[in-house]
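Residue-level listing of the chains:
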Amino acid sequence: MVSEVPSKGLLLRVLPPSLYAGRAKFLLERSILVYSRAWLVFASGALEPLFYLLAFQIGFGRLVGEVVGPGGQVMSYVAFVAPGLLAASAMNGAVFDSTYNVFFRFRYAKLYDAMLATPIGPLDIALGEIGFAVLRGALYSTAFVAVMGTMGLLTSPWAVLLLPAAILTSFGFAAVGMGCATFLRSTSQFDYIQLVLMPMFLFSTTFYPLSVYPEALQYVVSCLPLYHGIELMRGLATGFVSWSMLGHLAYLLTMAAAGLWLASTRLHKMLLR
Amino acid sequence: MTEVLSTGRVVGSWRGAVLRVEGYWLWYRRYWRSNLYSTGLQPLFFLAAMGLGFGSQVQPGTATGGLSYLHYVAPALLVSASMMLAVGESTYPVLSGFKWQKDYLAATATPISPGQVLGGHLLWVALRLTLAAAVYALMALLLGGWLNAGALLVVVVGVATGLACAAPVCAFAASTYDEGTRFATLFRFVVMPMTLFAGTFFPIDQIPLALRWLAWISPLWHGTELARGVTLGTLDLLPGLGHAAFLIALFAGGFVLARRFFYKRLVV
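- Under an unreviewed UniProt entry, chain B has the name Transport permease protein and belongs to Amycolatopsis magusensis.

### Describing the overall build of chain A
Here comes step 1: Regarding its fold elements, chain A presents eleven helices and two strands.
Here comes step 2: If you list the helices and strands of chain A from N to C, you get α-α-α-β-β-α-α-α-α-α-α-α-α.
Here comes step 3: Seen through its principal axes, chain A has C-alpha atoms that stretch 65 × 40 × 40 Å.
Here comes step 4: Considering chain A as a whole, with its 273 residues, one finds that 52% of them fall into the buried category.
Here comes step 5: In chain A, once contacts between residues fewer than 6 apart in sequence are set aside, the share between residues at least 24 apart is 77%.
Here comes step 6: Carbon and sulfur atoms make up 69% of the accessible area of chain A, which totals about 12700 Å².
Here comes step 7: On chain A, the mean spot of the 16 positive side-chain charges and the mean spot of the 11 negative ones are 10 Å from each other.

### Side note on the environment of B:Leu226
Residue and element names in this part refer to chain B.
Here comes step 1: As for its placement among the helices and strands, leucine 226 is situated in helix 10 (residues 219–232).
Here comes step 2: Separated by 68 residues in the primary sequence, leucine 226 and glycine 158 place their C-alpha atoms 9.3 Å from one another.
Here comes step 3: Other than its neighbours up to four places away in sequence, leucine 226 contacts Val157, Leu235, Gly240, His243, Ala244 and Leu247.

### Notes on helix 8 (residues 190–203) of chain A
Owing to its 3.6 residues per turn, the α-helix aligns residues three or four sequence positions apart on the same side.
Here comes step 1: Helix length check: helix 8 of chain A, at 14 residues, gives a terminal C-alpha distance of 20 Å against a target of 20 Å (1.5 Å per residue), a fit within 8%.
Here comes step 2: Among all positions of helix 8 of chain A, only A:Phe190, A:Ile193, A:Leu197, A:Met198, A:Pro199, A:Met200, A:Phe201, A:Leu202 and A:Phe203 are buried.
Here comes step 3: Looking at the buried residues of helix 8 of chain A, the elements they touch are helix 4 (77–108), helix 7 (162–181), helix 9 (215–221) and helix 10 (225–238) of chain A together with helix 2 (36–53) of chain B.
Here comes step 4: After helix 8 of chain A finishes, the residue A:Thr205 shows a positive phi value of roughly 60°.

### Some remarks on the interface of chain B and chain A
Here comes step 1: Contacts between the two partners involve 32 residues from chain B and, on the opposite side, 29 residues from chain A.
Here comes step 2: Contact between chain B and chain A buries roughly 2800 Å² in total, counting both sides, with carbon and sulfur atoms accounting for 78%.
Here comes step 3: At the boundary of chain B and chain A, one finds zero salt bridges.
Here comes step 4: Counting the contacts that link chain B with chain A gives one residue pair in polar contact (both at pLDDT 80 or more).
Here comes step 5: Breaking the side of chain B that touches chain A down by element, the ones donating at least two residues are helix 2 and helix 8 (182–197) of chain B.
Here comes step 6: Top contributing element to the side of chain B that touches chain A by residue count: helix 2 of chain B, with nine residues.

### Points about the UniProt feature "transmembrane region" (unreviewed entry) in chain B
Residue and element names in this part refer to chain B.
Here comes step 1: Under the present numbering, the feature "transmembrane region" (unreviewed entry) in UniProt falls on residues 36–57, 69–87, 122–143, 149–174, 186–204 and 241–262.
Here comes step 2: Structurally, residues 36–57 is divided into 82% helix and 0% strand, and its ends, taken at the C-alpha atoms, are 30 Å apart.
Here comes step 3: End C-alpha to end C-alpha, residues 186–204 measures 22 Å, and it is 63% helix and 0% strand.

### Describing the nonpolar core
Here comes step 1: Core analysis: the largest hydrophobic core is formed by 128 residues, its most contacted members being A:Phe60, A:Tyr77, A:Phe207 and B:Phe54.
Here comes step 2: The element best represented in this core is helix 4 of chain A, accounting for 16 residues.
Here comes step 3: Residues contacting B:Phe54, with those up to four places away along its chain left out, are A:Phe60, A:Leu63, A:Val64, A:Tyr77, A:Phe207, A:Tyr208, B:Ala49 and B:Tyr69.
Here comes step 4: B:Trp124, B:Leu129, B:Ala171 and B:Ala258 belong to the second-largest nonpolar core, a separate cluster that totals 30 residues.

### With respect to the side chain of B:Ser80
Here comes step 1: In this structure, B:Ser80 sits in helix 3 (residues 69–90).
Here comes step 2: Not counting residues up to four positions away in its chain, the partners in contact with B:Ser80 are B:Thr195, B:Thr200 and B:Leu220.

### A few points about the state of the cysteines
Here comes step 1: Evaluated as defined, the whole model comprises zero disulfides over all chains.
Here comes step 2: Not engaged in a disulfide, the cysteine A:Cys223 finds its nearest cysteine sulfur in A:Cys180; these two sulfurs lie 18 Å apart.
Here comes step 3: Free cysteine: B:Cys165, not disulfide-bonded; nearest cysteine sulfur from B:Cys170 at 11 Å.

### Section: the packing of aromatic side chains
Here comes step 1: A complete count under the given rule lists 33 aromatic pairs over all chains for this structure.
Here comes step 2: With centroids separated by 4.9 Å and ring planes inclined at 75°, the aromatic side chains of B:Tyr92 and B:Phe183 adopt a geometry described as edge-to-face. Of the two residues, B:Tyr92 sits in helix 4 (residues 92–98) while B:Phe183 sits in helix 8, which places them 91 residues apart along the sequence.
Here comes step 3: For B:Phe183, a relative accessible area of 1% translates into the label buried.
Here comes step 4: For the pair B:Phe251 and B:Phe255, a centre-to-centre distance of 6.1 Å together with 25° between the ring planes defines the contact as stacked. Here the residue B:Phe251 and the residue B:Phe255 both occupy positions in helix 11 (residues 237–266), the gap between them amounting to four residues, near one helical turn.
Here comes step 5: You can call B:Phe251 partly exposed: its relative accessible area is 28%.
Here comes step 6: Taken together, the aromatic side chains of A:Phe56, A:Phe60, A:Tyr77, A:Phe80, A:Phe201, A:Phe207, B:Phe54, B:Tyr69, B:Tyr72, B:Phe201 and B:Phe202 make up a single cluster linked through ring pairs.
Here comes step 7: The aromatic ring of B:Tyr72 is capped on one face by B:Arg228, whose charged end is 3.7 Å from the ring centroid.

The rules behind the values
Residues numbered from 1 in each chain as written. Chains lettered and ligands numbered in written order. Predicted model: local features only at pLDDT ≥ 70, side-chain atom pairs only at ≥ 80, totals over all residues. Heavy atoms only, no water. Helix = DSSP H or I, 4+ residues; strand = E, 2+ residues; numbered from the N terminus. Buried < 20%, exposed > 50% of the residue type's maximum accessible area, 1.4 Å probe, protein only. Contact = heavy atoms within 4.5 Å. Areas by Shrake-Rupley, 256 points an atom, 1.4 Å probe, with all protein chains shown as cover. Lys, Arg positive; Asp, Glu negative; His and termini not counted. Charge placed at Lys NZ, Arg CZ, Asp CG, Glu CD. Expected span 1.5 Å × (residues − 1). Buried area = accessible area lost by both parts, 1.4 Å probe. Salt bridge = Lys/Arg side-chain N within 4 Å of Asp/Glu carboxyl O. Polar contact = N/O pair within 3.5 Å; in protein donor to acceptor, adjacent residues only side chain to side chain. UniProt positions renumbered as here; feature names shortened; annotations may be inferred. Core = buried A, V, L, I, M, F, W, Y, C linked by side-chain atoms within 4.5 Å. Disulfide = S-S within 2.5 Å. Phe/Tyr/Trp six-rings, centres within 6.5 Å; stacked < 30°, edge-to-face > 60°. Lys NZ or Arg CZ within 6 Å of the ring centre and 35° of its normal.

Shown next as structure tokens:
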């Protein structure tokens, strides 16, 4: 019987031929089956942003009142912080899924060894695993955007692009996270991930504008990937859209492509040679 | 060791717990470096981001008692970090003692009793909390977060609040057999909302009265009130005693319950 192999696009023909077999969707199916019992985790994860937004609405927002948003216009603090939290939660969710879970499957469950013994390539695995992380991120982001909408924080028609932007952000972080997870050797090294994530969450203008920093630090902060996700979403949510946002978009796309390349070549190198 | 203890000798109740602490210490001496981030850098990051960064947007007003936001948030962040460390150390590590590493089973095969295993764990948590709180206090000193020497008392309050959370969480972990999503639920529906809504970042009178009782019954709020009171000098005797009594009662209740579960699970 002839197996059904989909015709490959240009990009996939450039890659080494054994990397991709067009079967990434079966990994997605597996993840959905595995997690269909743990729906409570998903439900509570979708509730989390509600807690955060509520805290900023009734608490932090009253302390601050108004801040200077993108383009220099003054806006309410909760409207300022909400897009930042959306980007941060897309990052956190994606990285959690693509590091802890991938590490366990790679090192302990030997799931990928088993999969690579079937007609599935490393790129299929990378795409499938990252795809599920993104799917999960998309679910949480949808809940978040819905809460933002009911709180009246979506004031611009550009806000319809918030969800795609969140999906792109979680794709970028999931891809790089999965690539990095293949380098980890023991669970104690997860501290390194926290060491990168936590400062990025706190300092990437999530909670206060970039102008707070001295000039040298502003430059450092604007190199962080989360900063670009936040800028993109803050612009879309407030309707302050400019050409510079294409730069943020390019940054995130490059990051996603680089992460995908890293994850699949690492799997290839470590498990197939 | 020069002196060899005969096996089967019953040790005193404190001695047994201290022997457990010695065991933890032996382990920690090798692995303390992996905690450098959580007990060293993380408090610094949080204080810089919330106290200085977010604080730069806050005008000193009635909500912060006329103080700068850094002074307002510094003592509360210590207590909050202490609570999180205590809960973290009393969930998976405790279940692991029963289920994965099984060192609790090993310890109770010697003349150490389940109660001493629990006591040893809580003593160890207290030491970890003291270290973390002291490191935080030093970091906050460097950033100018303290108004007076009351900061030393904040360290004590932080450890006490942590222990008041650790004891009931130990009971929860000891009564957990199939962890499933139990711990994740605890973190998501108790620890996280408590961090946000128990007065760490903003006064709880901004919360609608119908929901404010949730803050009142949380140990973190009582700890935060005490911590702010001692460093800002606004603590009155009676409310202070009340907050302390709440924390002590929570610890005592948690300890009794945890002790019962430890015996139930370790005595065959």
